[in-house]
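The lines below spell out each chain.
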Amino acid sequence: MDNLVFPAAYHAAPDLLSNRVILITGSGQGLGKAAALACAKHGGSVVLHGRSVQKLEQTYDEIVAAGFPPATIFPLDLANATDKDFEQMARALGQEFGRLDGLLHCAAMLNSLRPLALEPLDDWLKLLRVNLAAPFALTRACLPLLHKSENASVVFTSESHGVQPSAYWGGFAVSKYALQALLAIWSAELSATENLRMNLVVPGPMASPQRAVTHPGEDKTPLKTPDVVVPVLLYLLGSDSKTVSGQILNLDHP
């Protein structure tokens, strides 16, 4: 598993995702919402996932108002989802689209920062379910749809403290750190598969709802916005990166 350097001069073509079906988790806010708008702008048929129907509808309305292809809404609470729920979601996508060309995992859960000695087991289990088990289970459920695509891409998103764990980040850092192992194993198992690739992005410090929880009094002005990260996601979801797999693109430490 290697560290990928993002092409500095990269610009996504206007029709990069034309005729491509892209499922984005956590698309009601933050990076997931920015990615959903960008994917729709570049011609993708976007499936909006999130826990809050109201937030998903807001994203949907912005896509429609911009004149982009209408999206599909699929709410699901990842903290409580079961294999049956993921299979039902994949089945519904198969009935509507027949395949899946891209799966972008932006959904994340983060509790308050605190010492490991003060973290309850229930909190850890929720963090592991949303940040690690759900990306695995949803990807596994969607594998038949991804294999029906001529060029499918799965993109996981991690976090700086998931690459370099530090004090007080606890279960969140552990769950994000484990995504690297998931990527390494799965991309190795797919090494002989020409039509399906998997990669991981570490956005780095970014003005987002998650950052507001961990740094409530911080001046957000110097931080990158989700829109700055979007070109990287477009690159990995589109055909321009069809030979890239099993790599980590760390925007925190390029």
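Structure first, text after, so check above.
Here we summarise the structure given alongside this text. (Residues numbered from 1 in each chain as written. Predicted model: local features only at pLDDT ≥ 70, side-chain atom pairs only at ≥ 80, totals over all residues. Heavy atoms only, no water.)

Remarks on the pairing of strand 6 (residues 152-157)
Among the six residues that make up strand 6, six are buried, leaving the element largely enclosed by the rest of the structure. Residues of strand 6 alternate between two faces, with Ala152, Val154 and Phe156 on one and Ser153, Val155 and Thr157 on the opposite face, all of them buried. Summarising the sheet, strand 5 (residues 102-105) and strand 6 pair through four bridges and their orientation is parallel. By the bridge assignment for strand 6, Gly102 is matched with Ser153. (Buried < 20%, exposed > 50% of the residue type's maximum accessible area, 1.4 Å probe, protein only. Helix = DSSP H or I, 4+ residues; strand = E, 2+ residues; numbered from the N terminus. Pairing = 2+ DSSP bridges.)

Examining the packing of helix 4 (residues 121-147) against helix 6 (residues 170-189)
Interaxial distance between helix 4 and helix 6 falls to 7 Å at its minimum, and their mutual angle equals 25 degrees. Viewed along their axes, helix 4 and helix 6 adopt a mutual orientation that is roughly parallel. Note on packing geometry: the crossing formed by helix 4 with helix 6 is right-handed. Taking contact as the criterion, the partners of Trp124, Leu127, Leu128, Asn131, Leu132, Phe136, Thr139, Arg140 and Leu143 in helix 4 are, on helix 6, Gly170, Gly171, Phe172, Val174, Ser175, Lys176, Ala178, Leu179, Leu182 and Trp186. In terms of residue class, the contact of helix 4 with helix 6 is made up of 12 nonpolar, five polar and two charged. (Axes fitted to C-alpha atoms, helices over the stretch in contact; angles between N-to-C directions. Parallel < 35°, antiparallel > 145°, perpendicular 65-115°, else oblique. Left-handed = near helix turned anticlockwise from the far one by under 90°. Contact = heavy atoms within 4.5 Å. Nonpolar A, V, L, I, M, F, W, Y, C, P; charged D, E, K, R; others polar.)

Some points on the side chain of Glu159
Position of Glu159 among the secondary structure elements: in the loop between strand 6 and helix 5 (160-163). By relative accessible area, Glu159 is classed as buried at 13%. At 2.6 Å, the side chain of Glu159 forms a polar contact with the backbone nitrogen of His161. (Polar contact = N/O pair within 3.5 Å; in protein donor to acceptor, adjacent residues only side chain to side chain.)

Some details on the pairing of strand 8 (residues 247-250)
Burial along strand 8 is two-sided: Gln247 and Leu249 facing one way and Ile248 and Asn250 facing the other are all buried. Both strand 7 (residues 196-202) and strand 8 contribute to a ladder of four bridges, which runs parallel. Counterpart to Leu200 in the pairing with strand 8 is Ile248.

Examining the state of the cysteines
Within the structure shown, the criterion is met by zero disulfides. Cys39 carries a free sulfur, and the closest cysteine sulfur to it, the one in Cys106, is 8.9 Å from it. By relative accessible area, which is 1% here, Cys39 ends up buried. Cys142 forms no disulfide, and the closest cysteine sulfur to it belongs to Cys106, at a distance of 15 Å. (Disulfide = S-S within 2.5 Å.)

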